Amino acid sequence: MYPVILVVDDDPISRQVIIDMLDQSGDNFQVLIAENGNEAERIAIESVPDAVLMDWQMPGIPGVDVIKRLKGYEITKDIPVLMVTSVASPDKLKEAFEAGAVDYITKPVKKIELLVRVNSVLRTSNYYKEILMQKQQIEAQKKDITDSIRYASDIQAAILPKEEEIQSFLPHSFVLFKPKDIVSGDFYWFHASPALRKESFGPALPDSVPPIALAVAQGKGNPHAGAPLHSVSSEARGGGLIFLAVCDCTGHGVPGAFVSMVGNDLLNQIIIEKEILNPAEVLSLLNMGMNSVFLRTKAEQHSNADTVSANRSSENPSGQNWGSEIKDGMYMVLCTFNDDLSKLEFAGARNPLYYVRDGILTEIKGDKHPIGGRTDLNCIFTKHELNLQKGDT
């Protein structure tokens, strides 16, 4: 497609000189003509030329005012305009550039200067259009990705237990959940065994129970709360228990969110379906499950890599492995409370338990091993027991 040049000049001789120079250039310019400012404005809006050669001094609207008008329309604001003028004083040139002109040519017009400046402006304009198109493509892709991640955030929030459900069993508790990104690599998990569950969320517990603070904090964000977890079909062994977990998955954003989904599902399987009640045993099984999931994923990647490598040996002459080792895991705390909240059992993977009694802060350290990652498949975690007193936090 040939470049379209709009030549604006009220003097027919000057106008024709410029047209002849453009026609004889060999650049196949398509030339449009305007004899005054109003006509130039109309043609520019209708045809959107690639560049405008604008005379300054014309009857009616001066060229510099036409530029200002063109810059006011969305469709013409990016058209490069070169001033063609016999007035070359610094003040006038400053006025032209401030109005939006990108270059100027002095009269009498010299052919070599005209063609060099026009082609230079056209190249710059084409670069700008290409960058603008790429910017629009990137913005569209970003919007699609962000919309998908926001929808994923809604799904993730739906999996989290409702704060009202937690407070129905732990009435002095609160949840602080602040994802750093739209989706979070942190999550909290709650389950009350069927022995404690009555209609709705069960009877209110006495005000004398210890207040519990459940905090999952990671940067800035908005609190989220979701739907209650799955119910269970059989009575939990050993009487009614309340389970509370706070999990910090390695990584942030989408990768961390995927790990949190795996961790949430494994907790459901171990505690709700298999009815494992010992928090240390839960962490050990969780570690085995996390490793099993990611080792299987790694094996599948390597299997696929072998097929890809056989088909693409010419594209991978170095023999690089197409699969990548997955080392993600979780730091977490898991607590269980008995039915009257007088006893707490705790197991931790890298994360400790803090409690305040009589104004004194005490730390119970968890094990040094995380869940998953490089932790040995048969790692045994430690269970800690604490008899709670009224006023403990």
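Residues numbered from 1 in each chain as written. Predicted model: local features only at pLDDT ≥ 70, side-chain atom pairs only at ≥ 80, totals over all residues. Heavy atoms only, no water.

**Here's the deal with the overall build of the protein**
- The helix and strand tally for the protein stands at eight helices and 15 strands.
- The buried share of the protein, taken over its 393 residues, is 42%.
- Excluding contacts between residues fewer than 6 apart, the proportion of contacts in the protein whose partners are at least 24 apart in sequence is 73%.
- For the protein, the computed accessible surface area is about 21100 Å², with 53% contributed by carbon and sulfur atoms. (Helix = DSSP H or I, 4+ residues; strand = E, 2+ residues; numbered from the N terminus. Buried < 20%, exposed > 50% of the residue type's maximum accessible area, 1.4 Å probe, protein only. Contact = heavy atoms within 4.5 Å. Areas by Shrake-Rupley, 256 points an atom, 1.4 Å probe, with all protein chains shown as cover.)

**Re the sheet that holds strand β1 (residues 4–8)**
- Within the open sheet, the five strands sit side by side as β2-β1-β3-β4-β5. Their pairing is parallel. Across the chains shown, the open sheet's two edge strands, defined by having one partner strand only, are β2 (30–34) and β5 (103–106). Strand after strand, the sheet turns through a mean of 20° between neighbouring axes, direction not considered.
- In the sheet, β1 pairs with strand β3 (residues 51–55) via four bridges, with the strands oriented parallel. Of the residues in β3, the one forming a bridge with Leu-6 is Val-52.
- Across the sheet, helix α2 (residues 37–47) is in contact with β1 and β2; its angle to β2 comes to roughly 145°. (Pairing = 2+ DSSP bridges. Axes fitted to C-alpha atoms, helices over the stretch in contact; angles between N-to-C directions.)

**Concerning the packing of helix α3 (residues 63–71) against helix α4 (residues 90–99)**
- Contact pair α3 / α4: the axes reach a minimum separation of 9 Å and the direction vectors enclose 15°. Between α3 and α4, the interaxial angle falls into the category roughly parallel. α3 and α4 meet at a crossing whose hand is left-handed. On the side of α3, the interface is formed by Val-64, Ile-67, Lys-68 and Lys-71, while α4 contributes Glu-95, Ala-96 and Ala-99. (Parallel < 35°, antiparallel > 145°, perpendicular 65-115°, else oblique. Left-handed = near helix turned anticlockwise from the far one by under 90°.)

**Comments concerning the nonpolar core**
- Core analysis: the largest hydrophobic core is formed by 53 residues, its most contacted members being Leu-267, Met-330, Met-332 and Ile-371.
- If we skip the residues at most four places from it in the chain, Leu-267 touches Phe-187, Trp-189, Ala-245, Cys-247, Ile-272, Val-282, Leu-286 and Met-332.
- Leu-6, Ala-34, Ile-79 and Ala-101 belong to the second largest nonpolar core, which has 23 residues in total. (Core = buried A, V, L, I, M, F, W, Y, C linked by side-chain atoms within 4.5 Å.)

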